[in-house]
Amino acid sequence: MLIQERSRPGRRAPTQAPLQTPKLPDLPSHLCRTQRPALPEVSELEVMRHYTGLSQKNFSIDTHCYPLGSCTMKYNPRVCHALAMLPAFLSRHPLAPAEQGQGLLACLYELQEILKAVTGMDAVSLAPAAGAQGELAGVLMIRAYHRGRGESQRTEILIPDAAHGTNPASAAMAGFQVREIPTGPDGDVDLAALRSALGPKTAGIMLTNPSTLGVFERNIRAIAEAVHGAGGLLYYDGANLNGILGQVRPADMGFDIVHVNLHKTFATPHGGGGPGAGPVGVRAQLAPYLPVPLVERTADDGYRWLTESDRPQSIGRLTAFGGNIGILLRAYVYARLLGRQGLSRVAEFATLNANYLLARLRSAGFTLAYPTRRASHEFILTLKPEARAFGVSTADVAKRLLDYGYHAPTTYFPLLVPECLLIEPTETESKQTLDGLAEALIAIRRECVENPELLHNAPHHLPVSRLDEVHAARQLDLAWRPTVGEGSHG
Amino acid sequence: MNELPTDLRYSKTHEWARLEDDGTITVGITDHAQDALGDIVFVELPECGRKLAADEPCAVIESVKAASDLYAPVAGEVIAVNAALRDTPEAINNSPYDEGWILRLQPDDPHALDSLLESTAYAQLIADES
Amino acid sequence: MPFIPHTPEEIIEMLATIGVSSIEELFDEIPAELRLKGLAGVPEALSELEVTQLMQARARADQPLINFIGAGAYEHHIPAVVWQLASRGEFYSAYTPYQAEASQGTLQVLYEFQSMMVALTGLDAANASLYDGASALAEAVLMAVRANRQTRSDQILIPRALHPAYRRVVRTLTEPQGIELIEIPYDRKTGQTQVEALAATGIEECAAVVINQPNFFGVLEEVDALTDWAHAHQALVIAVVNPLSLALLKPPGEWGNRGADIACGEAQPLGMPLSSGGPYAGFMCCKLGHVRQLPGRIAGRTIDRAGRSGFTLTLQAREQHIRRGKATSNICTNQGLMVTAATIYLALLGAEGLARVAAACCANTSLLAERLSAIPGVGPCFTGPCFHERVLHLPVAVPVVLETLAAEGILGGFDLNPDYPELGAAILVCATELRTPEEIERYAQCLQAILASQS
């Protein structure tokens, strides 16, 4: 039932708003509404029960193992939330003077420094509000860099065919043409195809490493040399940084620009789909183009914001104020808790967990997409043999896994691998949890043989059975509306 | 096995084209293409009067999990679109060669269809792709 | 090891299962010369106690001032229920609801949020939010250029009386696509954007006209006339609105003869703390005919195999994970957690509560403006009707006044001079429902004393 359907005319949660009805402001009547908006009329207890009940219909990291590939669903430490929610941080106005935000700015400045250290870059801006905005900032900087050198004919961005859809979407938003580069049979970029695509129009390449295929791109130095040789720049999509944190730095691989997904690698919450944060780091020659604002340490050991007037070559502002500051604070607390050793251990144990799970599933008969390769922090199974033999789809297996109490891995991505599951257990899951997940997948594989119908009709134990997405798209129902007479007249 | 009428011509991008008695060309997507897309939920149609070059993307066919461009199999002007698809896009699934037609062109070159594949060659193309 | 549960015995077992002798061996595909020897630039680990002490000390350094600034971010009372519920782990630590059956909580919240935004704006459809109000406007501009089939124009009329930061963000995000922004001046007497100013551009048609209600100065625009002018010139109308104001003001869907086509804005006033600027949430609504050009996630109601009602993400073929380079936007996330807070806030307040908050803000700001205008040399800049913000001119340069007020614990307003030099010494002030008559009096007395000492 919707909160709107719980509504009863005249019921209220009266203590939440000013008790007295203030004198209605003297607004011109032709600019005022004539009918009250159809918002719910419910009590505080109803609100409490309704949303508590809804929360219980969610899988989440706090309740379930969530091995969603390329999403890094690791534990979100609660102390990060608690400290970011300290009242002084919450109540500070974005336009308050920097003198009244020195504590906050110190945290942000130090986070910039930590991100420089883990990426190897020379300068960092925390401004992008999400990974996709970090990507966009990255390609806008590529554009600004070439234009600054009088090379505006560089209009092409190269992107491997295994890339996440955001890469080409971001490049297109920045006004670039996208050229797809094929992947070789072992999961590395096809180097010959890359070389033949390079030329005077090349602005740069967008790469994820480890790639979305769950392997480390071994030719990265050769790729960097070729792209730089053609006058292009290398952009590092930080989607999979968790797999190499503290082990390899994007700058050392030859990248010029990087974005970091704090909601993945730095354990800030996914919140049911956001807010994230996607800081960008660059080499020195690109630093003038970083998005504003940035935090600078002043001569007297204080901190201040750098804005448009300080940074005339900046690609500009991406949100009205400073991005998702509260998320940046959570990431800062996380980085301080882990420290230098702890951050390096992240990649070690993420990789251990992925390779352990892979080994267990391989020995149980599952087919790996790249059997000759070492898994990074994630790996891909293809269910093509099961689909052929038993008529079950990857979606069937994913939905059935929900019945076993595990969130499904990423399905049908990357598009290159048919019937694929992209599995990323993360470092915070225990061996026991991984064993349980392996046993569940093995049991489901047995069900493929014995009772495929069970899979076709899964899930069976969730609040709803399989939802009809075709119906949703053909009979669009995007908002509740009051039936006639239900909207109250004000 | 998908249906493949022998009186139509086909493109490598899975459109079919039919020469009508009045010299116009009707265009749709093949049974194989609709099968690969799955349940179609929306079709974005071009405006009548639009001039198309051969291979120009001119409509978008959406399923829940995919969106696929329709490419003009030959150059010409759009003279009609199948407006019924706005309400019943599933006609492409149910009847790809008949009720599921997408648009009609006045071709620039009356012999343009000769450049497209015959059904046997298209059948071979599908076989090679899989 | 923080947040890593493995025991030494388990590590040995796991390595044996994999068939390697050390964790180090798992990185054997990475070229050896690239391997890093430690993260020297990162400090040593702190315990939870130590990091708590550190953050508390930093928070103490940031003691808040009595806030009289709005300017796009508004300090309102947030009921305790809002973040008690939104902080539940099941909301906080869930991912994007791609597995709909395991995400009915998040999906239903999104659907309820969309329904509330539709109710407030009077339009047909809403998305599940964008990053913030400014980036939502930029997306609305891109959307309008795609959606406007009557003109091939890439020109957008954008009022100078729109938040300067919004104008900057729109420029950052639309310039690469060749969109031309034409700034429309405001009337120096009323503070309004007038139809005559639109007409003075000499433009016969354009892709869209942005109408800001209330505008950055807090002044109410004559939205009906502006909307009708835009539609007469083949332009779509993009409304930029404060959702709180919609408790009282005419919804964009009813502006002019045909209503606005797109409405967007900042949802921060609905239960989101100021937090130095984020995270907030942008919202966007539109007429049904444009829904396939709407960027961002959209939740829809559907049925399951047993015919029960349920929710799923829908219209995903617009989005980057399917449409790639041809997507409506590159955005992947919405601001899910903030939207959860906004939905709970609106459920608690309802139409009556929201109207009371809006009216209290208007009343407090009126009181503040009157009280400050009684000080010699201080007075309103504009004659147009206002919502909950006012522009006041000062007799002396603004920065020193604001600095002195800050030393007295008062955040006295937003200095308009850098963005609007034509206004001379002017500040934008706001008193939300949180401000008490005593605080307003204290501000007035401090300001009076400062000005007296300056003259």
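Conventions adopted
- Residues numbered from 1 in each chain as written.
- Chains lettered and ligands numbered in written order.
- Predicted model: local features only at pLDDT ≥ 70, side-chain atom pairs only at ≥ 80, totals over all residues.
- Heavy atoms only, no water.
- Helix = DSSP H or I, 4+ residues; strand = E, 2+ residues; numbered from the N terminus.
- Buried < 20%, exposed > 50% of the residue type's maximum accessible area, 1.4 Å probe, protein only.
- Contact = heavy atoms within 4.5 Å.
- Areas by Shrake-Rupley, 256 points an atom, 1.4 Å probe, with all protein chains shown as cover.
- Lys, Arg positive; Asp, Glu negative; His and termini not counted.
- Charge placed at Lys NZ, Arg CZ, Asp CG, Glu CD.
- Buried area = accessible area lost by both parts, 1.4 Å probe.
- Salt bridge = Lys/Arg side-chain N within 4 Å of Asp/Glu carboxyl O.
- Expected span 1.5 Å × (residues − 1).
- Polar contact = N/O pair within 3.5 Å; in protein donor to acceptor, adjacent residues only side chain to side chain.
- Nonpolar A, V, L, I, M, F, W, Y, C, P; charged D, E, K, R; others polar.
- Domains from an automatic or database assignment.
- Pairing = 2+ DSSP bridges.
- Axes fitted to C-alpha atoms, helices over the stretch in contact; angles between N-to-C directions.
- Parallel < 35°, antiparallel > 145°, perpendicular 65-115°, else oblique.
- Left-handed = near helix turned anticlockwise from the far one by under 90°.
- Core = buried A, V, L, I, M, F, W, Y, C linked by side-chain atoms within 4.5 Å.
- 1 Å grid on protein atoms, 1.4 Å probe; cavity = no way out; pocket = protein on both sides within 12 Å on 5 of 7 lines; lining within 4 Å.
- Points joined across faces, edges and corners; volume = space filled by probe spheres on them.

Novice: Summarise the overall build of chain C; cite the residues concerned and give the values.
Specialist: The secondary structure content of chain C amounts to 13 helices and 15 strands. Each of the three principal axes of chain C carries a C-alpha extent, and together these read 80 × 55 × 50 Å. Counting across all 455 residues of chain C, residues that qualify as buried make up 69%. Within chain C, counting contacts between residues at least 6 apart in sequence, those at least 24 apart form 74% of the total. As displayed, chain C offers around 13,800 Å² of accessible surface, 53% of which is attributable to carbon and sulfur atoms. Looking at charge distribution, chain C has the averaged site of its 31 positive side-chain charges lying 6 Å from that of its 48 negative ones.

Novice: For the interface of chain A and chain C, give the residues involved together with the corresponding values.
Specialist: Every contact between the two is made by 197 residues of chain A and, on the other side, 184 residues of chain C. With both chains or domains summed, chain A and chain C bury close to 16,300 Å², and 63% of this area falls on carbon and sulfur atoms. Among the residues of chain A in contact with chain C, Met173(A), Arg374(A) and Leu478(A) are the three that bury the most area, contributing 5% of the side total. Applying the counting criterion to the chain A and chain C interface returns 11 salt bridges. The closest approach of N and O atoms between Lys399(A) and Glu101(C), which form a salt bridge, is 2.7 Å.

Novice: Tell me what's going on with helix H5 (residues 104–121) of chain C, and back it up with residues and numbers.
Specialist: Residues and elements named next belong to chain C. Here H5 is 18 residues long and its end C-alpha atoms lie 25 Å apart, about the 26 Å a rise of 1.5 Å per residue gives. Taken across its 18 residues, H5 has 18 buried, putting it largely inside the fold. The positive-phi residue at the C-terminal boundary of H5 is glycine 122, with phi of around 70°.

Novice: Explain the pattern of salt bridges to me, using residue names and the numbers behind them.
Specialist: Overall, the coordinates contain 58 salt bridges over all chains when judged by the stated rule. Between Arg154(A) and Glu151(A) there is a salt bridge whose closest N-O contact spans 2.5 Å. Glu151(A) shares its class with Arg154(A); the two are buried. A cluster of three or more residues bridged by salt bridges with shared partners is formed by Asp186(A), Asp188(A), Arg218(A), Arg373(A) and Glu29(C).

Novice: If you had to explain the interface of chain B and chain A to someone new, which residues and values would you point to?
Specialist: Across the contact, 8 residues belong to chain B and 4 residues belong to chain A. In total, about 480 Å² of surface goes out of reach between chain B and chain A, with carbon and sulfur atoms giving 58% of it. The three residues of chain B that bury the most area against chain A are Asp39(B), Val41(B) and Val64(B), which together make up 69% of that side's buried surface. In this assembly, chain B and chain A are joined by 2 salt bridges. The residue Glu90(B) makes a salt bridge to Arg474(A) at a minimum N-O spacing of 3.7 Å. Inspection of the chain B/chain A interface yields 2 residue pairs in polar contact (both at pLDDT 80 or more). When its residues are assigned to classes, the side of chain B that touches chain A shows 4 nonpolar, 1 polar and 3 charged.

Novice: Can you explain the domain arrangement of chain C? Please cite residues and give values.
Specialist: All names here are of chain C. Domain annotation of chain C identifies domain 1 (66–75 + 350–454) and domain 2 (80–344). Computed over C-alpha atoms, the centres of domain 1 and domain 2 are 28 Å apart. Domain 1 puts 31 residues into the contact, and the matching count from domain 2 is 34 residues. A buried area of about 2,500 Å², summed over both sides, lies between domain 1 and domain 2, and 64% of it is on carbon and sulfur atoms. Among the residues of domain 1 in contact with domain 2, Phe382, Phe387 and Tyr420 are the three that bury the most area, contributing 26% of the side total. Between domain 1 and domain 2 we count 2 salt bridges in total. Note that arginine 160 is salt-bridged to glutamate 422, the shortest N-O span being 3.0 Å. Put simply, domain 1 and domain 2 have 14 residue pairs in polar contact (both at pLDDT 80 or more) between them. Elements that contribute at least two residues to the side of domain 1 that touches domain 2 include exactly helix H11 (336–373) and strand E12 (390–393). No other element matches the 6 residues that H11 contributes to the side of domain 1 that touches domain 2. Its residues assigned to classes, the side of domain 1 that touches domain 2 shows 21 nonpolar, 5 polar and 5 charged.

Novice: Residues and numbers for the pairing of strand E7 (residues 262–266) of chain C, please.
Specialist: Residue and element names in this part refer to chain C. With respect to burial, E7 is a largely interior element, 5 of its 5 residues being buried. Burial along E7 is two-sided: the face carrying Ile262, Cys264 and Glu266 and the face carrying Ala263 and Gly265 are both buried. Relative to E7, strand E6 (residues 236–241) runs parallel, the two being bridged by 3 bridges. Counterpart to valine 240 in the pairing with E7 is cysteine 264. Two elements, E7 and strand E8 (residues 282–286), share 5 bridges in a ladder whose sense is antiparallel. Bridge pairing links glutamate 266 to glycine 282 in E8.

Novice: Describe the packing of helix H5 (residues 131–148) of chain A against helix H6 (residues 166–173) of chain A, with residues and values.
Specialist: Residues and elements named next belong to chain A. Running from amino to carboxyl end, H5 crosses H6 at an angle of 50°, the nearest separation of the two axes being 9 Å. The angle between the axes of H5 and H6 places the two elements in the oblique class. In the crossing of H5 with H6, the sense of the turn from one axis to the other is right-handed. Here H5 contributes Ala132, Glu135, Leu136 and Val139 to the contact with H6, which in turn contributes Thr166, Asn167, Ser170, Ala171 and Met173.

Novice: Break down the sheet that holds strand E7 (residues 67–71) of chain B for me, citing the residues and quoting the values.
Specialist: All names here are of chain B. Judged by pairing direction, the sheet is antiparallel, and its 3 strands sit side by side in the order E4-E6-E7 without closing on themselves. Strands at the two margins of the open sheet, each flanked by one partner only, are strand E4 (40–44) and E7. Going across the sheet, the axis of each strand differs from the next one's by a mean of 25°, ignoring polarity. Direction of pairing for strand E6 (residues 57–63) relative to E7: antiparallel, over a ladder of 5 bridges.

Novice: Pulling in residues and values, what's your account of unusual backbone geometry?
Specialist: The linkage connecting Gly274(A) with the following residue, Pro275(A), adopts the cis geometry, with an omega of 0°. The residue Pro275(A) is located in the loop between helix H10 (262–265) and strand E7 (280–282) in this model. Residue Pro293(A) is bonded to the preceding Val292(A) through a cis peptide linkage, with omega at 0°. A positive phi angle is found at Phe3(C), which is not glycine, with a value near 65°. Tracing the chain through its elements places Phe3(C) in the segment before helix H1 (8–18). In this structure, Gln234(C) takes a positive phi of about 60° despite not being glycine.

Novice: Break down the nonpolar core for me, citing the residues and quoting the values.
Specialist: If you look at the biggest cluster of nonpolar residues, it comprises 170 residues, and the most contacted ones within it are Tyr51(A), Leu137(C) and Ile238(C). In terms of residues, this core owes the most to one element, H11(C), which gives 17 residues. Excluding residues within four positions of it along the chain, Ile238(C) makes contact with Leu137(C), Ala140(C), Val141(C), Ala144(C), Ala208(C), Val209(C), Val210(C), Ile211(C), Ile262(C) and Cys264(C). By size, the runner-up hydrophobic cluster in this structure holds 117 residues, among which are Leu358(A), Phe366(A), Leu421(A) and Ile23(C).

Novice: Talk me through the pairing of strand E8 (residues 294–297) of chain A; I want residue IDs and the actual numbers.
Specialist: Residues and elements named next belong to chain A. Relative to strand E9 (residues 303–306), E8 is paired through 4 bridges, and the arrangement is antiparallel. The residue of E9 that forms the bridge with leucine 294 is leucine 306. The antiparallel pairing of E8 with E9 creates a hairpin that spans 5 residues between the two strands, and aspartate 301 there sits at a positive phi of about 65°.

Novice: Could you give me a rundown of empty space enclosed by the protein, with the residues and numbers involved?
Specialist: Residues and elements named next belong to chain C. Taken as a whole and judged by the stated rule, the model has 14 cavities of 30 Å³ or more. Its volume calculated, the largest cavity comes out at about 250 Å³. As for the largest cavity, its lining consists of 20 residues, and the residues nearest its centre are Gly72, Tyr74, Asn212, Pro214 and Asn242. Mapped onto the lining of the largest cavity, the elements with two or more residues apiece are strand E5 (208–213) and E6. Partitioned by chemical class, the residues of the lining of the largest cavity number 10 nonpolar, 8 polar and 2 charged. In this structure, the lining of the largest cavity is formed jointly by two domains, domain 1 (66–75 + 350–454) and domain 2 (80–344), each of which donates at least three residues.

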